[in-house]
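# Report on the structure
Read off the chains here:
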Amino acid sequence: MRTGLKIPRHAAIIMDGNGRWASARGLPRSAGHKAGIDALRSAVRAAADFGIEYLTIYSFSTENWKRPRAEVLFLLELLRRFIRQDVAELHASGVRIRVIGDRQGLEKSLVTMLEDAEALTRENTKLNLVVAFNYGSRQELTRATRVIAEKVAAGELDPAHITPELLDTYLDTAHMPAPDLLIRTGGEERISNFLLWQSAYAEFVFIPEFWPDFNAEIFARALQEYSSRERRFGGLKAQSA
Ligand code: IPE
Ligand code: IPE
Ligand code: MG
């Protein structure tokens, strides 16, 4: 590892480009999603090796329901398969699994699987793998706002006590640090409704490679880019004069 590498506490990844990866090979989009699982496995291993504490992966957005039914069903099945096949090994390597997103839109049996994976791995501390599934930041903020409004209406919360820190505790990401680094593969440079609030001061790194080609080396390059950034959080460069 190169010296001077800064390791983000929390890295978040928009795993994009599965469909284009497959099309470029004359394969159906589903083949790209399937290949994306192997890339995910390398990303998790690499994150643990780098000493990253939180790795959040965007697996399915609230807008992805707009895709053809067959593709949506394939993605839902892929999540089930990933949980079934990988949880034991993730657990053995000390990975804690957490899921963010709206569970109400998901089948009960899938929600149970996700909850079981969370419960099994609850005590693990090597790496937090945060799976964003049926996740949309606007929807997350809307859900949080509704709960806050209900508390105010019930007289349980004083509107004067609503602060950014309080709002944080109503989000799916409550008690997680904000992402320091946000990576998007596949060449698009947009956020697509991912962690809008939480990414207020994240460093963005856009990678041209499609997600199925992602590996530890590409991850290391993103970390090098991140290390070269000067984070100021609205303040000034570390005082020198
Ligand atoms: C990312 O790859 C995976 C999901 C959004 C579920 P895409 O399926 O968006 O692939 P492209 O962007 O069409 O190539
Ligand atoms: C973002 O990718 C969602 C995930 C990676 C799960 P999309 O492919 O859905 O985003 P857009 O449509 O290009 O913005
Ligand atoms: Mg895409």
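Preceding this paragraph is the structure being described.
From a predicted model like this one, the values you see are computed outputs, not experimental measurements.

## Section: the side chain of His-10
Checked against the element boundaries, His-10 lands in strand E1 (residues 10–14). In this structure the side chain of His-10 is engaged in a polar contact, spanning 2.8 Å, whose partner is the backbone oxygen of Pro-177. When residues no more than four places from it in sequence are discounted, the contact partners of His-10 are Tyr-54, Thr-56, Pro-177, Ala-178, Pro-179, Asp-180 and Leu-181.

## So, the site of ligand 1
In the neighbourhood of ligand 1, 13 residues make up the surrounding shell, with Asp-16, Gly-19, Arg-20, Arg-29 and Arg-67 lying closest. At 2.8 Å from an oxygen atom of ligand 1 is found a side-chain nitrogen or oxygen belonging to Arg-29. The separation between an oxygen atom of ligand 1 and a polar side-chain atom of Arg-67 is 2.7 Å. Taken atom by atom, the bulk of ligand 1 overlaps the largest pocket.

## A closer look at the site of ligand 2
All residues adjacent to ligand 2 are Ile-14, Met-15, Asp-16, Tyr-58, Ser-59, Phe-60, Ser-61, Asn-64, Arg-67, Arg-184, Arg-190 and Ser-192. Take Arg-67: an N or O atom from its side chain is 3.2 Å from an oxygen atom of ligand 2. Between ligand 2 and Arg-190 there is a distance of 2.8 Å, counted from an oxygen atom to a side-chain nitrogen or oxygen. Computed on the free molecule, ligand 2 has an accessible area of 390 Å², of which 78% lies beneath the protein chains in the complex.

## Some words on the environment of Ala-92
Its place among the elements puts Ala-92 in helix H3 (residues 69–92). Judged by relative accessible area, Ala-92 falls into the exposed class, the value being 70%. Sequence separation of Ala-92 and Asn-124 is 32 residues, and the distance between their C-alpha atoms is 9.1 Å.

## Here's the deal with H3
In this model H3 runs 35 Å from its N-terminal to its C-terminal C-alpha over 24 residues, within 8% of the 34 Å that 1.5 Å per residue would give. Of all the bends in H3, the greatest measures close to 50° and is centred on Asp-86. Residues Glu-71, Val-72, Leu-75, Leu-76, Leu-78, Leu-79, Arg-80, Phe-82, Ile-83, Asp-86, Val-87 and Leu-90 constitute the buried set of H3. Check the buried side of H3 and you find it contacts helix H2 (29–50), strand E2 (54–61), strand E3 (95–100), helix H4 (108–121) and strand E4 (127–135).

## A few points about the layout of surface pockets
Vacant regions in the atomic arrangement are exposed by a probe of water-molecule size rolled over the atoms. Volume-wise, the largest pocket comes out at about 680 Å³. Mapped by element, the contributors of at least two residues to the lining of the largest pocket are helix H1 (18–24), H2, E2, H3 and E4. Classifying every residue of the lining of the largest pocket by side-chain character gives 14 nonpolar, 9 polar and 7 charged. Estimates place the volume of the second largest pocket at around 280 Å³. Taken together, 18 residues line the second largest pocket, and the ones lying closest to its centre are Asp-168, Pro-177, Ala-178, Pro-179 and Gln-198. Its residues assigned to classes, the lining of the second largest pocket comprises 10 nonpolar, 4 polar and 4 charged.

## Details of the sheet that holds strand E6 (residues 203–206)
With respect to topology, 6 strands assemble into an open sheet ordered E3-E4-E2-E1-E5-E6, the strand pairing being parallel. The open sheet has two edge strands, E3 and E6, and neither has a second partner. With strand direction ignored, the average angle separating the axes of adjacent strands in the sheet is 20°. One ladder, built from 5 bridges, connects E1 with E2; its direction is parallel. Note that in E2 the partner of Ile-13 across the bridge is Ile-57. Contacts from H3 reach E2, E3 and E4 within the one sheet, and its direction differs from that of E4 by about 165°.

## Regarding the packing of aromatic side chains
If you walk through the whole model with that rule in mind, you get 10 aromatic pairs. Pairing Tyr-201 with Phe-233 gives two aromatic rings, centres 5.4 Å apart and planes at 50°, and the pair type is tilted. Of this pair, Tyr-201 sits in the loop between strand E5 (181–184) and E6 while Phe-233 sits in the segment after helix H7 (216–228), and the two are 32 residues apart along the sequence. Using a relative accessible area of 49% as the deciding quantity, one classes Phe-233 as partly exposed. Between the aromatic rings of Trp-211 and Phe-214, the centroid separation amounts to 4.7 Å while the plane-to-plane angle is 20°, which identifies the pairing as stacked. The residues Trp-211 and Phe-214 share a single accessibility class, namely buried. Connected via pairs of aromatic rings, a cluster forms that spans Phe-50, Trp-211, Phe-214 and Phe-219.

Rules used throughout
Residues numbered from 1 in each chain as written. Chains lettered and ligands numbered in written order. Predicted model: local features only at pLDDT ≥ 70, side-chain atom pairs only at ≥ 80, totals over all residues. Heavy atoms only, no water. Helix = DSSP H or I, 4+ residues; strand = E, 2+ residues; numbered from the N terminus. Polar contact = N/O pair within 3.5 Å; in protein donor to acceptor, adjacent residues only side chain to side chain. Contact = heavy atoms within 4.5 Å. Near = heavy atom within 4 Å. 1 Å grid on protein atoms, 1.4 Å probe; cavity = no way out; pocket = protein on both sides within 12 Å on 5 of 7 lines; lining within 4 Å. Sits in = over half its atoms within 2 Å of the grid points. Areas by Shrake-Rupley, 256 points an atom, 1.4 Å probe, with all protein chains shown as cover. Buried < 20%, exposed > 50% of the residue type's maximum accessible area, 1.4 Å probe, protein only. Expected span 1.5 Å × (residues − 1). Bend = angle between axes of the 7 residues up to and from the residue. Points joined across faces, edges and corners; volume = space filled by probe spheres on them. Nonpolar A, V, L, I, M, F, W, Y, C, P; charged D, E, K, R; others polar. Pairing = 2+ DSSP bridges. Axes fitted to C-alpha atoms, helices over the stretch in contact; angles between N-to-C directions. Phe/Tyr/Trp six-rings, centres within 6.5 Å; stacked < 30°, edge-to-face > 60°.

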